[in-house]
Amino acid sequence: DPEEHGPVDGAPPSKIAVVGAGIGGSATAHFLRQHFGPEVQVDVFEKGEVGGRLATVTVNHNDYESGGSIIHSLNLHMQEFVKQLGLKYRRNVAGKMAVFNGEEVILEETDWYLLDLFRLWWRYGISFIRLQMWVEEIMEKFMRIYKYQAHGYAFSSVEELLDSLGSSGFINMTRRPLSDSLLELGVSQRFIDEVIAPVMRINYGQNVSIPAFVGAVSLAGAQNNLWAVEGGNKLVCSGLLKMASANLLQAQVNSISPIHSGEGLQYQLSFTTATGTASELYDIVVLATPLQASVGSGVQFQGFTPPFDELPGSYHSTVATIVHGYLNTSFFGFPDPRLFPFASVLTTDTPDLFFNSVASVCPVNISAGFRRKQPQEAGVYKVFSPQLLEKSQLKTLFRSYYSVQVTEWQACPRYSSSQRLPPVELHPNLYYLNGIEWAGSAMEMSSVAAKNIALLAYHRWNRQTDMVDQRDLVHRIKTEL
Ligand SMILES: Cc1cc2nc3c(=O)[nH]c(=O)nc-3n(C[C@H](O)[C@H](O)[C@H](O)COP(=O)(O)OP(=O)(O)OC[C@H]3O[C@@H](n4cnc5c(N)ncnc54)[C@H](O)[C@@H]3O)c2cc1C
Ligand SMILES: CC(C)=CCC/C(C)=C/CC/C(C)=C/CSC[C@H](N)C(=O)O
C-alpha cells in the first residue's frame, strides 16, 4: 500500500537501520547514503565481526582468507568499492589444479596450455567449449543489472530482478538442476562428473543437482580472471561503513515491531549490547543477514507476520581448515613431494571422501617476490570439508603440521531446485537482502541486492512507482540513452 511508505509531504526519512555488517549490510549502508543524502542517520547493527562471512585467520604472522576469497573480474560493484576506497587488487597467483577421485588424480593441468586443451578435447569432446560459451552468455546477461541500477531502476523481488536480466530463462535456471541444463546443452556426463562436480564441491560444497543459476555463478568463480583485495576482502566492509558515515552499533538485534504513531509508520528495534538491552525507532529497516532458523540470526518479528511463517530451507555447513604443514602427497599418488606440481586438488563426488578440496593459499598481503611454497616445504593449505576434520583425517592429508585453524561456516543455502526465492519486501519499509543468495551466493550477489534495496527503499519512500519492476528495460534503456 503506497500510503504506508513515505509521508505525503515528501519529507525524507530521519533514521534508517541496517542489521548485519557483512558485505551486504555495509554495501547497503553505502548505497543508502548515496540515495538518501547526508542528513539521514544510518545505524548498522553487528553482533559479531564487521565482514561477516568475509574474514581472515592469522598463521605464522600472515593473514589468510577463511571465508569469501575470490572476486570475478566482471563483478563491477566489488570493483567500484575497491576503487572508491583506495584499496588495492590482489591477483590470483597462478597454480596448477588437479582432480582426485579418492584413489588417484584423474585430471591434471600441465605447463602446456595446448596440451591441456588437447587432453580436454580427447577426454570430453567439445563439452568444455560449450560450457565456456554458456557461462559467457549468462555473465553477459547478468551484467545488464549494472546498467539498470545506474539508471535507478529497482525490483521488488529477486524473481523480478532475474526476469529483467534474462526473461524467464534465469528464473527457470533457479528451478532446474545444473546437470539437466548441461546435459541439454550437450555437455557429456563424464565432463559433468569429472570437472563440473569438483567445481561445485569446492565452491558450494554441494553436487551437480544444485540449480543451474547458482551452478553458473560457481563456474564463473572457476574462471581464471579472479582477484581479491590486498589486505583482506573484509576491508571493503569496514571501508564502506566509514565512507557512508554509518554508526556501527556492536549489538544483536532481537526483535522488530511496526509502530504507528503521529510520525507515521516506524519500526522499533530491540537490541542487546555489552551493557544491556535497549530499543530505537527507525523509519526504514534493512535486514542483511540470513533469517533461516539454522543460521541463528535471532531476529523475531512482533506485531505483524512477514510473508512467511519461518523462512523455508537451511544453510549448508562448510568447514574451512587452514593448516600450516607438509602436504602428504603420497595420499594423492605422489610419493616424492618434489614431483607433486599442484597448488589445488579438487575432488569428484565420491562416497566417503571426507574433504571437498585442499589448496595451497596465499596470504592477503603479497609482497612483490612472493612464490608459492613447494610441497616438500611447509606451506599453508585450506581444506574445505562438510564436517570437522578428525585428527586421523588431518594425518591422512598432512605428513605433519605446525598449526591448524578451523572455521565452521553456515556458508551458503543448501540448494534445491524446488526451493522458492524468499521475499525482499517484508513490510512497507522493511526489506530483506539475503533472499538473493537462494539464486546464487557470492559477494557480488549481496552487493547487487544492496544496491537494489537502497533504490527500492528510496523509490518506495518517495512513491516513485515508475522506477520499480519496469518491464522491457533492455530496450527502454537503449532509447533513454
Ligand atoms: C568458506 C566460504 C567461501 C566463500 N567464497 C566466496 C568467494 O570466493 N567469492 C564470493 O564471491 N563469495 C564467497 N563466499 C560467499 C560470500 O562470502 C557471501 O555470499 C557473502 O559474504 C555474504 O555476505 P552478507 O553480508 O550477505 O552476509 P554475512 O556476511 O553473513 O553478514 C551477515 C552479518 O549479520 C550479522 N548478524 C546476524 N544476525 C544479527 C543480529 N540479529 N543482529 C546483528 N547482527 C547480526 C552477522 O554477524 C554477520 O556479520 C564464500 C563463503 C564462505 C563461507
Ligand atoms: C556473481 C557473479 C556473476 C559471479 C561471481 C563468481 C564468483 C566469484 C563465485 C565464487 C563462488 C564461491 C561461493 C566460491 C567459494 S570457494 C572460493 C575459493 N575456491 C576458495 O578456495 O576459497
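Residues numbered from 1 in each chain as written. Chains lettered and ligands numbered in written order. Predicted model: local features only at pLDDT ≥ 70, side-chain atom pairs only at ≥ 80, totals over all residues. Heavy atoms only, no water.

(A) The arrangement of the site of ligand 2 in detail. With respect to spatial proximity, 15 residues lie near ligand 2, and among them S69, I70, N203, K382 and F384 are the closest. Side-chain polar atom of S69 to an oxygen atom of ligand 2: 2.7 Å apart, as the coordinates give it. Between ligand 2 and the protein, one listed contact pairs an oxygen atom with a side-chain N or O atom of K382 at 3.4 Å. Protein coverage of the free-state accessible area of ligand 2, which is 610 Å², stands at 86%. The dominant element in the shell around ligand 2, judged by the number of residues it contributes, is helix α8 (residues 189-204), at 3 residues. Taken together, the residues that form the shell around ligand 2 break down as 8 nonpolar, 6 polar and 1 charged. (Near = heavy atom within 4 Å. Polar contact = N/O pair within 3.5 Å; in protein donor to acceptor, adjacent residues only side chain to side chain. Areas by Shrake-Rupley, 256 points an atom, 1.4 Å probe, with all protein chains shown as cover. Helix = DSSP H or I, 4+ residues; strand = E, 2+ residues; numbered from the N terminus. Nonpolar A, V, L, I, M, F, W, Y, C, P; charged D, E, K, R; others polar.)

(B) Just the site of ligand 1, in detail. G24, E46, R53, I70 and S297 are the nearest of the 36 residues found near ligand 1. A distance of 2.9 Å separates an oxygen atom of ligand 1 from a polar atom in the side chain of N434. A distance of 2.9 Å separates an oxygen atom of ligand 1 from a polar backbone atom of M443. For ligand 1, the protein covers 91% of the area, taking 1,000 Å² as the surface of the free molecule. Grouping the constituent residues of the shell around ligand 1 by class yields 16 nonpolar, 16 polar and 4 charged.

(C) Focus on the sheet that holds strand β6 (residues 89-91). The strand order across the open sheet built from 3 strands is β5-β9-β6, with neighbouring strands paired in antiparallel fashion. If you trace the sheet from one side to the other, it starts and ends with β5 (71-72) and β6, each paired once. For β6 and strand β9 (residues 226-229), the ladder comprises 3 bridges, and the chain directions are antiparallel. Along β9, the bridge assignment pairs Y89 with V229. (Pairing = 2+ DSSP bridges.)

(D) Summary view of helix α7 (residues 178-185). Residues L178, S179, S181 and L182 constitute the buried set of α7. Projected down its long axis, α7 carries its buried residues within an arc of 160°, all on one side. The secondary structure elements touched by the buried residues of α7 are α4 (127-142), α8 and α9 (212-220). Directly after α7, the chain includes G186, whose backbone phi takes a positive value near 100°. (Buried < 20%, exposed > 50% of the residue type's maximum accessible area, 1.4 Å probe, protein only. Arc of directions from axis to C-beta. Contact = heavy atoms within 4.5 Å.)

(E) Spatial organisation of the packing of aromatic side chains. Across all of its chains, the model carries 29 aromatic pairs by this definition. Ring centres of F45 and F271 lie 4.9 Å apart, and the angle between their planes is 55°; on these two criteria the pair is classed as tilted. Taken as a pair, F45 in strand β2 (residues 41-46) and F271 in strand β12 (residues 264-273) lie far apart in primary sequence, 226 residues in all. The buried category is assigned to F271, whose relative accessible area is 5%. Each ring, one from F354 and one from F355, has its centre 5.2 Å from the other, and the planes form 55°; the classification is tilted. In this structure, F354 and F355 share a single accessibility class: buried. Among the aromatic residues, those joined into a cluster by ring pairs are F100, F331, F332, F334, F340, F342, F354 and F355. The ring of Y282 is capped by K15, whose NZ or CZ atom sits 4.8 Å from the centre of that ring. (Phe/Tyr/Trp six-rings, centres within 6.5 Å; stacked < 30°, edge-to-face > 60°. Lys NZ or Arg CZ within 6 Å of the ring centre and 35° of its normal.)

(F) Summary view of the nonpolar core. Residues I23, W134, I145, L162 and I196 are the most contacted members of the largest nonpolar core, which totals 97 residues. In terms of residues, this core owes the most to one element, helix α12 (residues 443-461), which gives 11 residues. Once residues lying within four places of it in the same chain are set aside, the contact partners of I23 are G51, L54, M78, F81, V236, C237, L240, M443, S446 and S447. Counting residues in hydrophobic clusters, the runner-up holds 22 residues, among them A17, F45, I256 and L287. (Core = buried A, V, L, I, M, F, W, Y, C linked by side-chain atoms within 4.5 Å.)

(G) Molecular detail of helix α1 (residues 23-36). Between its first and last C-alpha, α1 extends 20 Å over 14 residues, near the 20 Å set by a 1.5 Å rise per residue. Those residues of α1 that sit buried are I23, G24, G25, S26, A27, T28, A29, H30, F31, L32, R33 and F36. Summarising the contacts, the buried residues of α1 are in contact with β1 (15-19), β2, α2 (76-84), α10 (235-243), β14 (284-287) and α12. With its phi angle positive at about 90°, G37 sits one or two positions after the end of α1. (Expected span 1.5 Å × (residues − 1).)

(H) View of the pattern of salt bridges. For the coordinates displayed, the defined rule picks out 13 salt bridges. Between E437 and R53 there is a salt bridge, with the nearest N and O atoms lying 2.7 Å from each other. Placement of E437 in the loop between β22 (430-432) and α12 and of R53 in the loop between β2 and β3 (56-59) is noted, with a sequence separation of 384 residues between them. Its relative accessible area of 2% is what places E437 among the buried residues. Residue classification places R53 among the partly exposed positions, given a relative accessible area of 26%. (Salt bridge = Lys/Arg side-chain N within 4 Å of Asp/Glu carboxyl O.)

(I) Quick peek at the side chain of S441. Along the chain, S441 turns up in the loop between β22 and α12. Judged by its relative accessible area of 12%, S441 falls in the buried class. Within the structure, the side chain of S441 is placed 2.9 Å from the side chain of E437, a separation counted as a polar contact. Beyond its immediate chain neighbours, meaning those up to four positions away, S441 contacts R53, Y204, V214, A411, C412, P413 and Y415.

(J) Broad picture of a nonpolar patch on the surface. A contiguous nonpolar patch, built from W112, L115, F118, W121, W122, I126, I129 and M133 and spanning about 960 Å² of accessible area, is present on the exposed surface. When residues in the nonpolar patch are grouped by element, the largest group, 4 residues, is from helix α3 (residues 113-124). Structurally, the position occupied by W112 is in the loop between β8 (105-108) and α3. (Patch = residues over 30% accessible without salt bridge, like charges linked within 9 Å, V, L, I, M, F, W, Y side chains within 5 Å.)

(K) Highlighting the side chain of S255. Structurally, S255 is set in strand β11 (residues 252-261). For S255, a relative accessible area of 6% translates into the label buried. If near-sequence neighbours (up to four positions away) are discounted, S255 is found in contact with Q268, L269, S270, Q300 and Q302.

(L) Structural view of the sheet that holds strand β15 (residues 300-301). Spatially, the 4 strands line up as an open sheet ordered β13-β12-β11-β15, and their pairing is mixed. Strands at the two margins of the open sheet, each flanked by one partner only, are β13 (276-282) and β15. Pairing between β11 and β12: 9 bridges, direction antiparallel. Paired with S257 across the strands is Q268, a residue of β12.

What is shown is where atoms sit, not what they do.
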